[in-house]
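Descriptive structure summary
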Amino acid sequence: MLAKINNKYEIDLSKPNDISIPLSNTDENPIAWYIDKPEIKPVVFGEWIGKVAEGSSTNFNNIFFNPHGHGTHTECLGHITREFYSINQCLKQFFFTAQLISVQPENLDDDLIISKEIISTALDVTKNIESLIIRTLPNPTSKKSKKYSNTNPPYLSEDAAIYIRELGIQHLLIDLPSVDREEDEGKLLAHKAFWNVKDVNNLNEDARMNCTITELIYVDDSVEDGNYILNLQIASFENDASPSKPILFKILEL
């Protein structure tokens, strides 16, 4: 545990709240962006099959998946820039102060939008936080296996993303396949606003290189809104995004 002294906090590491969705090759896996489910299958060399049940000494699987479309993932601004930037190089710290909020997107025409007003109403701005976790309502467990393609899920407005950026929040986590509209003609307004990317072809100097967006999380109803310590874990992929395992730890009262 960590004792709270100034900017230190006490947490119980034996009580993690895992808000990631596991990746599987079953129909229970969530899917976005018009792709098929992941593949996890044994390597085959001639008559040799990398599966103990088939006579091998080990299970030896290949895994084919897309981090953006197949589950919880964390991405850096390299997701939208012409020049290559890697999440493995942009994310170098892994523990952050965090606040979890639950919000009900509002209807606008045929869309469900998370506006600046919704965020500002739910967020306790008196707390100095580094990361924001957004749980959308309603919150059925079916989110963990939802097929999002062609459903026009809720998304974050550009003003909301600017507001979150201006609060100094470095890491944004949400239980949706994207912070932007499913079909937006490539505008990606919320992504660009949060990362402060003004030109994807010539990156501005004040773009937010060390900030991340994590999408397709799931926060169970048993996890209450409030303040936490976030452990944001990624796999060491040299790619714009990586599958990730965000963990929340409740901050204990001293």
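Moving on to the side chain of Q99. Topologically, Q99 is positioned in strand β7 (residues 95-103). The exposure class assigned to Q99 is buried, which follows from its relative accessible area of 4%. Setting aside its immediate chain neighbours within four residues, Q99 contacts A122, L123, D124, K127, I129, S131, L132, I133, G226 and N227.

So, about the confidence of the model for the protein chain. Per-residue pLDDT for the protein chain has a mean of 95; in total, 97% of the residues score no lower than 70. Contacts for the low-pLDDT stretch residues 1-5, under 50 throughout, to residues beyond four places or in other chains number 13 contacts.

With that settled, consider the sheet that holds strand β11 (residues 155-156). Sheet architecture is open: three strands sit in the order β8-β9-β11, paired in mixed fashion. Strand pairing shows two members of the sheet lacking a second neighbour, β8 (106-108) and β11, which therefore form its edges. Judged from the two bridges that link them, strand β9 (residues 111-114) and β11 form a sheet pairing that is parallel. Among the inter-strand pairings, I113 is bridged to a residue of β11, identified as Y155.

Mapped onto the elements, T126 comes out in the loop between α2 (116-122) and β10 (131-136). On the basis of relative accessible area, T126 is assigned to the exposed category, the value being 65%. Within the local environment of T126, its side chain forms a polar contact with the side chain of D124, the two groups lying 2.5 Å apart.

The next thing to look at is the pattern of salt bridges. Inspection of the entire model under this criterion finds eight salt bridges. Among the ionic pairs, D27 bridges to K37, the shortest N-O distance being 3.4 Å. Here D27 is found in the loop between β1 (17-18) and β2 (39-42), whereas its partner K37 is found in the loop between β1 and β2, with ten residues between them in sequence. D27 sits in the exposed class, given a relative accessible area of 56%. The partly exposed category is assigned to K37, whose relative accessible area is 36%. Where R181 meets D111, a salt bridge forms, and the shortest distance between an N and an O atom there is 2.8 Å. Placement of the pair is R181 in the loop between β12 (171-174) and α4 (189-195) and D111 in strand β9, with a sequence separation of 70 residues. In this structure D111 comes out as buried when scored by relative accessible area, which is 8%.

What counts as what
- Residues numbered from 1 in each chain as written.
- Predicted model: local features only at pLDDT ≥ 70, side-chain atom pairs only at ≥ 80, totals over all residues.
- Heavy atoms only, no water.
- Helix = DSSP H or I, 4+ residues; strand = E, 2+ residues; numbered from the N terminus.
- Buried < 20%, exposed > 50% of the residue type's maximum accessible area, 1.4 Å probe, protein only.
- Contact = heavy atoms within 4.5 Å.
- pLDDT = per-residue confidence, 0-100.
- Pairing = 2+ DSSP bridges.
- Polar contact = N/O pair within 3.5 Å; in protein donor to acceptor, adjacent residues only side chain to side chain.
- Salt bridge = Lys/Arg side-chain N within 4 Å of Asp/Glu carboxyl O.

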